[in-house]
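One-letter residues, chain by chain:
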Amino acid sequence: MPKKNVEVAICYDFDGTLSPGNMQEYDFFNALGGSAKNFWAESREIAKDNNADPILAYMMLMIDRAATGKAKTTRQAFHDYGKGIALYKGVEAWFDAINAYGKTLGLTVNHYIVSSGIKEMIESTSIGSKFKKIYACSFIYDQNDVAKWPAVAVNYTTKTQFIFRINKGIEDDNDHTTINKFIPRETRPVPFSRMIYIGDGSTDIPCMRLIKDLGGTSIAVYPPRTSQKKQEAQHLIDDNRVNFISQADYTEGARLDCIFRATLERIAAENKLLAF
């Protein structure tokens, strides 16, 4: 029998997917001073020298640099930095438009972030309220509301655990018991076939491949008018890691919009076929 309440999950990376650059490269680096290039080079060196996770290395460096410079790492400061993050063309209108189209097909579309960026920054962007859940890096704060230690670090492999959380309907980041319990696939709230993952780079590959291989849809985006990035995205098609590639143009009628709408139509049709 077809399901009456058909939930679809769209999972987004953030940096390079919804936004043209790394979120730290906007107001945080402006306050910090110095170049983004030097910051990321130092972060990679720390990770290499200490055999450390690159995400933990950059989070530590943000705290260390802020302690000796003008940038702040309070919860409020991160929210303030997030307000200055640029978004790709069409992103701000995207979510309401996709929700409305899904509704015409009998689908409930929910949006999720699965990102190695900073959660507090994403929350305060103009689209922060559009997501059912934001899975991203976050900090533990001291009594003065200053970041002192990473609370959650999301790297390219840990991203996949959040895909399973969505699949099983487990939204609590700290729930490490239920997530490991056996739940028959047919009883899970959001089957992989009703999941769409959209990302831009190597940190997204495990999620892209996971969702594609389990019957969902994976999409790689690249900045408009960048032949090198388009070629890199094409390699993901050639290597059978994604279903589609597209410019990161979210305006109505653009290639990306058409791919999403066709995918929602497929999901609705598959649900309808359950009646036969």
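Residues numbered from 1 in each chain as written. Predicted model: local features only at pLDDT ≥ 70, side-chain atom pairs only at ≥ 80, totals over all residues. Heavy atoms only, no water.

1. Quick notes on the environment of L87
- Looking at where L87 falls in the secondary structure, it is placed in the loop between α4 (75–82) and α5 (91–104).
- A residue is classified by how much of its surface remains accessible, and L87, at 21% relative accessible area, is partly exposed.
- Here the alpha-carbon distance between L87 and K37, two residues 50 residues apart in the chain, equals 21 Å.
- L87 has contacts with F14, L18, S19, P20, E92, S126 and I127, leaving out every residue within four places of it along the chain. (Helix = DSSP H or I, 4+ residues; strand = E, 2+ residues; numbered from the N terminus. Buried < 20%, exposed > 50% of the residue type's maximum accessible area, 1.4 Å probe, protein only. Contact = heavy atoms within 4.5 Å.)

2. Some points on the pattern of salt bridges
- Under the defined criterion, the tally for this structure stands at eleven salt bridges.
- Among the salt bridges present, the one from R65 reaches E42, with a minimum N-O distance of 2.7 Å. Of this pair, R65 sits in helix α3 (residues 54–68) while E42 sits in helix α2 (residues 36–49), and the two are 23 residues apart along the sequence.
- The class for E42 is partly exposed, based on a relative accessible area of 32%.
- Here D145 and R75 are joined by a salt bridge, their closest N and O atoms 3.2 Å apart. Linking D145 in the loop between β3 (133–141) and β4 (147–152) with R75 in helix α4, this pair joins segments that are 70 residues apart in sequence. (Salt bridge = Lys/Arg side-chain N within 4 Å of Asp/Glu carboxyl O.)

3. Remarks on the nonpolar core
- Among the nonpolar cores identified, the biggest contains 84 residues, and L18 and I163 are the most heavily contacted of them.
- If one sorts the elements of this core by residue count, α3 sits on top with eight residues.
- For L18, the residues in contact, after removing those within four places along its chain, are Y12, D13, L87, Y88, V91, F95, I113, I127, F131 and Y250. (Core = buried A, V, L, I, M, F, W, Y, C linked by side-chain atoms within 4.5 Å.)

4. Some details on unusual backbone geometry
- Its identity as a non-glycine residue notwithstanding, N51 has a phi of 50°, on the positive side.
- Turning to its location among the elements, N51 is positioned in the loop between α2 and α3.
- Positive phi, close to 65°, is recorded for N240, a residue that is not glycine.
- Tracing the chain through its elements places N240 in the loop between α9 (227–238) and β7 (244–247).
- Residue class for N240 comes out partly exposed when judged on its relative accessible area of 39%.

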